[in-house]
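Listed below are the residues making up each chain.
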Amino acid sequence: MKRAPTHSYPGINLGERHASAHKATEVVTFGFWVFLMSDLVYFGLMFAIYITMIDAQAGGPGPHELFDLHSIFAQTLILLTSSLTVGLAMLALKYNLPRVRIVFWFAVTLVLGLSFLVLEVRDFMAMAEKGGVPQRSGFLSAFFGLVPLHGLHVAAGCLWLIVLGIQLRVMGMTDRIKSRVVRLALFWHFLDLIWIGIITIVYFGGLAYG
Amino acid sequence: MITQDQGFFGRLTWDSFPVAALIRHPGTNEIVANAAAAVVVVGVVVVVALLSWFRLWGPLWRDWLTSADHKKIGIMYVVFAVVMLARGVLEGVVMRAQQAAGPGDGFLAAEHFAELFSTHGTIMIFFVAVPFVFGIANYVVPLMIGARDVAFPVMNQISLGLTVSAGMMLMVSLVVGEFSTGGWTAYPPYTGAAFNPGVGPDYWIWAIVVSGIGTTLTGINFAVTIYKLRAPGMTFMRLPMYCWTIICSSILIVFAMPPLGVAALLLAADRYLDFHFFTNDLGGNMMNYANLFWLFGHPEVYLLVLPAYGIYSEVFATFSAKRLYGYNSLVIATMSIAILSFTVWLHHFFTMGQSALINAVFGIATMLIAIPTGVKVYDWMATLWRGRIRFSVPMLYGLAFLMLFVIGGLSGVILANPTVDYQVHNTLFLVAHFHNVLLPGVLFGLLAAYNYWFPKAFGFRLNEGWGRVSVALWTLGFMLTFLPLYFVGLLGMPRRSFSWEDPDFHPYMIVALIGALVVLGALLSVLVQLWVSIRDRDRTRVPAGDPWDGRTLEWSIPAPPPAYNFAIIPRVSDRDEFAAAKEGGAAYPSPAAYEDIDIPRNTGIGFILCVLSGVWMFALVWWIWWLAILASVLIILAIIFWSFDSSTELTIPAEEVRKAHEAWLEQVRQAPAIDRDDETTSRNRGLARPDLEPAT
Amino acid sequence: MDRRSEMHRRERRRYLIGFGGSLGLTLAVFAIAYRFGIETPGVYLAIGLLGLAQLVVQLVYFLHIDRRRSSREDLDLVLFSTLVLLIIICGTVWILGNLAHRMHMHVM
């Protein structure tokens, strides 16, 4: 089956085997990309604000006192692995593997996402013990405006994983559900990209210039 | 900063109602405030009573509130915008009256005056201009590109719901508590918790955040709709100019609304959680706010004016009976303006203290925008040149726009020079400038669109005579109100001042008040025109659907269009597809076969989110935490439940489509083909006789 | 082995390559930071470049953005967003950096 060029959705896609889902998915996925770009501007601005506020520590604790690189390293590995597992869930869907495979990779991703959140919250609590609360300085406000925003996205992604996992059981492999899996995978990869920005600019940048 | 001792209703008490102040110490100021609150309350009561009396709750729910049809959503947007416009205009008149009552303090308290200019600006930008622009776009864009609906019909409904609930917050602020006094820009630290602990800035913040989400979703929707749902054969270079401006405007929304959301949310973090983004102490930096706000603010004005440019492009072409002149250059100019609009935001704060180099860079970037805009003005004039012009109402708005907008644009070029800006910043000169681009630019365009596409939406034409009266009153009212402000601004009168002393200002203030009253008359004339047109609708029906000898696809279908828009999706081979079809004798074809059509099914999710987001905002403003949490949870649950719904489309059988379409084709055959000169007479049934000799 | 499982294998390998690449880059970043200390001149530049490389790797291998004809529109969208983002971020940092400099804002 040859598809018209305007209907071949690029990037992550379902492929020819899901022709009916593919066409519906194309428009929705493109829309989701546009949404992600809008979301990207939110993050971009928070990065810009963080950069302008690195110096605004107002005598409070700074990056050297507060950042725990070991924990950041662990979080990075977890998030990176979860990006792989969500990709494998996508592939299981694309190649019509048994549904249990998709659910399995979903579950692994969910566990990884939740572990990431646990580590992140532990970091925040450790920071707070050292006086690193957002109310302390402009720098800390900028930090807590940005990093938890990413964490909130991860939490939303976890909720989405759960809901979609239930919908896979209840509603079955409909076109709609397939398209949602594609978007969830996109969203999850996007969060990984933002995290690279966070380790590079927030953590290492903070340590280098703060 | 949040204090601990609050009751069940947060900080909401009896004293929060302006009525309390009226009873304690009555005065002109309190009477004006309570009159406004009374208008809101009485308005709601009257609407509820009328709906109950005529038993319209059922139809309202079934046909409108739960509809995901882009046409109905578009109409609801416009109705909402007009209601808000009425409030905005009234506030403008009160402000003009206050300043005309000088020298001295006038009749309003300073705080009250500050609330007036804050709500006036907020309403006019976010709840008049944006919903009006996207109401028209909602109606017209899918029809123009040959689509059955927008890309995401339910999301469209949600956008409307969020915009309306945010607008309602401004209405609620009249009755409960007070609105922000920080202007529509809400600059901290003045709007921070340290200087402004009341509910005013919170109303502003949440109204902006929620309507901003709605607008962002709209932007995504229209970008995708135009990108992906064009009829076969409609390449980008065959896209009607109006759709080009809407796609550019949507892209601006996608990238420019986030800065506003960030600015408002960070201000909220400062106010609610004691963060230090924009505070005076502990490393906060209020200049970050100005920067963020105008990162949004400048693209915002272009996302409003570009669609108006698109409307004028359609109007000039249609009523000159010519192809739009310089289509390619208009497309390039539109894209250039869209990109350039991201590079000029600093001109809103030339005086903040950055180096002359930075000011010069942004000043030059600002002046550059005049080039593509100038290209557009010449293209429009060239479209008119040797056209067979009819001075219909939309055309008259267009001509008023051409002349007045150039003045506003040029005063913008003056302001783009940082050295001049240092002299006139924060004066009424600036107020005159942006009203000069927003009224003749955006508002006249929207009114032209309203007159132009009304017959398509409702099946009958608007009254021509009252339309002309409207044009005259708007134009005259605008000139009387705002041209004097240029002069008084150059004399040095600051904007937003509730009190002034220099007697030289007085004559200008009087003229401006007279102008404001004329503008009020103009608004009334629009309503009278609507009423007269509805009364006379039997004589002005245009069922065949093409009252103005239109050139684009939306005129090739019935007026009003069926729910599915096109019985058969057209194949496009020309930029002015319908004009080409008429000239080639290929208009109104009888399709060989019909097919089943899927249209979006009704859903209540938009309305539910409208109500819940309204409750959520109110709870946050008044610190009613349990309610805020409850509303948040319900919003998330509502979305999750909705995502389980699998039957979102309704199928209209091919037979039904065939019957409706053939009945309409029969109507077209019966209608008299009328010459353009007769299009305002009652002979016009919506079938145009194209002039086969093209204008030279 | 039929064509389908062949393609599946190939795509899975693609994900694994992306994962391996990202993992290598991450390890390199942290290794540099631990080995040389983040304040050493040039180290932050190296970390920044590695971060950029990681973005590209993930865009290509996870998000499947490349220069093939079929993914052009995504590439266009990403590039346009990057342009706008660069204008916004660089402009912000330029303006506020200049203001901080002129106002002697060294809040310590």
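Residue indices follow the written sequence of each chain, beginning from 1 at its first position. Note on labels: chains are lettered from A, ligands numbered from 1, in written order. Local features are withheld for residues below a pLDDT of 70 in this predicted model, meaning they are given only at 70 or higher, and side-chain atom pairs are given and counted only at 80 or more; totals for whole chains, interfaces and linings count all residues.

**Looking at the overall build of chain B**
Inference 1: Strands are runs of DSSP state E lasting at least two residues, helices are runs of H or I lasting at least four, and both sets are numbered from the N terminus onward. Across its full length, chain B carries 20 helices and two strands.
Inference 2: To get the radius of gyration, use the C-alpha atoms; to get the globule rule, take the number of residues to the power 0.38 and multiply by 2.2 Å. Compactness check: chain B gives a C-alpha radius of gyration of 25 Å against a globular reference of 26 Å for 696 residues, within 12% of the reference.
Inference 3: Dimensions along the principal axes, computed over C-alpha positions, put chain B at roughly 75 × 55 × 45 Å.
Inference 4: Three classes are used. A residue is buried when 20 or more other C-beta atoms lie within 10 Å of its own, exposed when 12 or fewer do, and partly exposed in between, with C-beta atoms placed from the backbone. Buried residues in chain B amount to 54% of all 696 residues.
Inference 5: In this description, a residue-residue contact is defined by the distance between C-beta atoms placed from the backbone, which must lie within 7 Å. Residue pairs in contact within chain B that sit at least 24 positions apart in sequence constitute 82% of those at least 6 positions apart.

**Examining the overall build of chain A**
Inference 1: Along the backbone of chain A there are six helices and zero strands.
Inference 2: Listing the helices and strands of chain A from first to last along the sequence gives α-α-α-α-α-α.
Inference 3: Buried positions account for 57% of the 210 residues belonging to chain A.
Inference 4: Put simply, 80% of the contacts in chain A that link residues at least 6 apart link residues at least 24 apart.

**Comments concerning helix H20 (residues 654-670) of chain B**
Residue and element names in this part refer to chain B.
Inference 1: End to end, H20 covers 24 Å across 17 residues, agreeing with the expected 24 Å (1.5 Å per residue, within 8%).
Inference 2: Along H20, the residues that are buried comprise Val657, His661 and Trp664. Taken around the axis of H20, the buried residues stretch over an arc of 60°, which confines them to a single face. Away from its buried face, by an angle of more than 90 degrees, H20 presents the exposed residues Glu655, Lys659, Ala663, Glu666, Arg669 and Gln670. A helix is expected to reach a length of 1.5 Å times the quantity of its residues less one. Summarising the geometry, the arc corresponds to the directions from the helix axis toward the C-beta atoms.

**Regarding the packing of helix H8 (residues 241-273) of chain B against helix H9 (residues 286-320) of chain B**
Residues and elements named next belong to chain B.
Inference 1: Between H8 and H9, whose axes approach to 8 Å, the crossing angle comes to 160°. By the criterion of interaxial angle, the relationship of H8 to H9 is roughly antiparallel. Crossing angle aside, the handedness with which H8 passes H9 is left-handed.
Inference 2: Residues are grouped as follows: Ala, Val, Leu, Ile, Met, Phe, Trp, Tyr, Cys and Pro are nonpolar; Asp, Glu, Lys and Arg are charged; every other residue, Gly included, is polar. Grouping the amino acids of the contact of H8 with H9 by side-chain chemistry returns 26 nonpolar, four polar and two charged. Axis definition: a line fit to C-alpha positions, over the contact stretch in the case of helices; interaxial angles, taken between N-to-C directions, run 0 to 180 degrees. An angle below 35 degrees is read as roughly parallel, one above 145 as roughly antiparallel, one from 65 to 115 as roughly perpendicular, and any other as oblique. Each crossing gets its hand from how the near helix is turned against the far one by less than a right angle, where anticlockwise is left-handed and clockwise is right-handed.

**Considerations on the interface of chain C and chain A**
Inference 1: Contact residues are listed per partner, giving 40 residues for chain C and 38 residues for chain A.
Inference 2: Only helix H1 (3-36), helix H2 (43-61) and helix H3 (72-102) of chain C provide two or more residues apiece to the side of chain C that touches chain A.
Inference 3: Considering only residue class, the side of chain C that touches chain A consists of 20 nonpolar, 13 polar and seven charged.

**Some points on the confidence of the model for chain A**
Regions with low pLDDT carry predicted coordinates that are not meant to be interpreted in detail.
Inference 1: A residue's pLDDT is simply how confident the predictor is in it, with values from 0 to 100. Confidence along chain A averages 89 in pLDDT terms, with 89% of residues attaining 70 or more.
Inference 2: Overall, residues 1-11 of chain A carries pLDDT values under 50, and its contacts beyond four positions in sequence, including any with other chains, amount to 20 contacts.

**Brief notes about the interface of chain B and chain A**
Inference 1: Taken together, the contacts link 31 residues of chain B with 30 residues of chain A.
Inference 2: Elements that contribute at least two residues to the side of chain B that touches chain A include exactly helix H7 (200-228), H8, H9 and helix H19 (625-643) of chain B.
Inference 3: Examining the composition of the side of chain B that touches chain A, we find that nine residues originate from one element, H8(B), more than from any other.
Inference 4: Here the residues of the side of chain B that touches chain A sort into 20 nonpolar, nine polar and two charged.

**Thoughts on the environment of B:Asn288**
Inference 1: As for its placement among the helices and strands, B:Asn288 is situated in helix H9.
Inference 2: Residue class for B:Asn288 comes out buried when judged on the 27 C-beta atoms lying within 10 Å of it.
Inference 3: Along the primary structure B:Asn288 and B:Ala263 are separated by 25 residues, whereas in three dimensions their C-alpha atoms are 8.6 Å apart.
Inference 4: Other than its neighbours up to four places away in sequence, B:Asn288 contacts A:Ile49, A:Thr52, B:Phe277, B:Phe278 and C:Leu96.

**Here we look at unusual backbone geometry**
Residue and element names in this part refer to chain B.
Inference 1: Residue Pro103 is bonded to the preceding Gly102 through a cis peptide linkage, with omega at -5°.
Inference 2: Positionally, Pro103 belongs in the loop between helix H4 (70-100) and helix H5 (110-144).
Inference 3: Put simply, Pro188 and Pro189 share a cis peptide bond, and its omega is 5°.
Inference 4: For Pro189, the location among the structural elements is in the loop between helix H6 (153-175) and H7.
Inference 5: The phi torsion at Arg386 lies on the positive side, around 60°, for a residue other than glycine.
Inference 6: Its location among the elements puts Arg386 in the loop between helix H11 (356-384) and helix H12 (393-415).
Inference 7: Since 11 C-beta atoms lie within 10 Å of it, Arg386 is described here as exposed.
Inference 8: Even without being glycine, Tyr588 reaches a positive phi, approximately 50°.
Inference 9: As for its placement among the helices and strands, Tyr588 is situated in the loop between helix H17 (577-583) and strand S1 (597-600).

**A few points about helix H5 (residues 138-171) of chain A**
Inference 1: Compared with an ideal rise of 1.5 Å per residue, which puts 34 residues at 50 Å, H5(A) spans 48 Å between its outermost C-alpha atoms and is within 8% of the ideal.
Inference 2: One or two positions beyond H5(A), positive phi appears at A:Gly172, with a value near 80°.

**Section: the packing of H5(B) against helix H14 (residues 428-458) of chain B**
All names here are of chain B.
Inference 1: Running from N to C, H5 and H14 point in directions that differ by 30°, and their axes come no closer than 11 Å. Regarding the angle of H5 to H14, the classification is roughly parallel. Crossing angle aside, the handedness with which H5 passes H14 is left-handed. Contact residues: H5 offers Ala129, Phe132, Val133, Ile136, Tyr139 and Val140, while H14 offers Val442, Leu446, Ala449, Trp453 and Ala457.
Inference 2: Considered class by class, the residues forming the contact of H5 with H14 number 11 nonpolar, no polar and no charged.

**Looking at the confidence of the model for chain B**
Inference 1: Across chain B, the average pLDDT comes to 93, with 98% of residues at or above 70.
Inference 2: Listed scores for the predicted complex are pTM 0.94 and ipTM 0.93.

**What about the environment of A:Gly145?**
Inference 1: Structurally, the position occupied by A:Gly145 is in helix H5.
Inference 2: Between the alpha carbons of A:Gly145 and A:Ala48 there is a distance of 12 Å; along the sequence they are 97 residues apart.
Inference 3: Excluding residues within four positions of it along the chain, A:Gly145 makes contact with A:Met46, A:Ile49, B:Leu266 and B:Ala269.

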